[in-house]
Amino acid sequence: MSIEMKTKYGQIDISNEVIAMVAGGAAIDCYGIVGMASKNQIKDGLSEILRKENFAKGVHVRQEAEQIHIDMYIIVSYGTKISEVAHNVQTKVKYTVNQTIGLAVDSVNIYVQGVRVTNP
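Cut-offs applied
Once a new chain begins, its residue numbering starts again from 1 and follows that chain's sequence as written. A pLDDT threshold of at least 70 governs which residues receive local features in this predicted model, and a stricter bar of 80 or more applies before side-chain atom pairs are shown or counted, although totals over entire chains, interfaces and linings include all residues. Calculated side-chain values reflect all of the structure's heavy atoms, with hydrogen atoms and water omitted. Simply put, an axis is a line fit to the C-alpha atoms, just over the touching stretch for a helix, and the angle between two N-to-C directions goes from 0 to 180 degrees. Put simply, DSSP marks the helices as runs of H or I at least four residues long and the strands as runs of E at least two long, and each gets a number from the N terminus on. We call two directions roughly parallel when the angle between them is under 35 degrees, roughly antiparallel when it is over 145, roughly perpendicular when it lies between 65 and 115, and oblique otherwise. Should the near helix be turned anticlockwise from the far one by less than a right angle, the crossing is termed left-handed; should it be turned clockwise, right-handed. Note on contacts: a residue pair qualifies if any of its non-hydrogen atoms lie within 4.5 Å across the two residues. When residue character is reported, Ala, Val, Leu, Ile, Met, Phe, Trp, Tyr, Cys and Pro are called nonpolar, Asp, Glu, Lys and Arg charged, and the others, Gly included, polar. Aromatic rings from Phe, Tyr and Trp, taking only the six-membered ring of Trp, are treated as a pair when their centres fall within 6.5 Å; an angle between ring planes under 30 degrees marks them as stacked, one over 60 as edge-to-face, and anything in between as tilted. Each reported salt bridge corresponds to a side-chain nitrogen of Lys or Arg within 4 Å of a carboxyl oxygen of Asp or Glu. We call a residue buried when its accessible area falls under 20% of the maximum for its residue type, exposed when it is over 50%, and partly exposed in between, using a 1.4 Å probe and counting protein chains only.

In the annotation of an unreviewed UniProt entry, the protein chain is listed under the name Asp23/Gls24 family envelope stress response protein and assigned to Bacillus siamensis.

Let's shift gears to the packing of helix H1 (residues 16-28) against helix H3 (residues 82-100). Where H1 contacts H3, the axes come no closer than 9 Å and their chain directions differ by 135 degrees. Taken together, the axes of H1 and H3 are oblique relative to one another. Pair H1 / H3 crosses with right-handed handedness. Judged by residue contacts, Val22, Ala23, Ala26 and Ala27 of H1 engage Val89, Lys92, Val93, Thr96, Val97 and Thr100 from H3. Broken down by class, the residue content of the contact of H1 with H3 amounts to seven nonpolar, two polar and one charged.

Counted according to the given criterion, the structure contains one aromatic pair. Seen from their ring centres, Tyr73 and Tyr111 are 5.0 Å apart, and the 15 degrees between their planes marks the pair as stacked. Residue Tyr73 is found in strand E6 (residues 67-77), and its partner Tyr111 is found in strand E7 (residues 107-116); the two are separated by 38 residues along the sequence.

So, about the pattern of salt bridges. Tallied over the entire structure, the rule returns two salt bridges. For the salt bridge of Glu64 with Arg62, the shortest nitrogen-to-oxygen distance reads 3.0 Å. Residue classification places Arg62 among the partly exposed positions, given a relative accessible area of 24%. With a closest N to O distance of 3.3 Å, Asp71 and Arg62 form a salt bridge. Among the residues examined, Asp71 registers a relative accessible area of 6% and is labelled buried. Overlapping salt bridges, with partners in common, bring together Arg62, Glu64 and Asp71 in one network.

Structure (structure tokens):
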């Protein structure tokens, strides 16, 4: 599945995996994020931290009419305020996807899959 954009020069098709990689890369840079979790926990293992090449497993991109929605499954660091971390991720992902790909994201839904204690 892909997102289609029409410009004066022609049509652009952007796959959902590309959008997921951009969104995952933006999220992982936020303070308080330990990593991305799989959206299929039962199949892939509970709270498995995904590597950079597998960010698409932790991000679900869907298009409804002209709106784009992103669902992100994250693991946060112990001792951080989860609501603030989630808000920062939402803001950064919206901004990064808009600046990198040129898509206006309507919603970024955050699903916290776990809390991890990180070693200092």
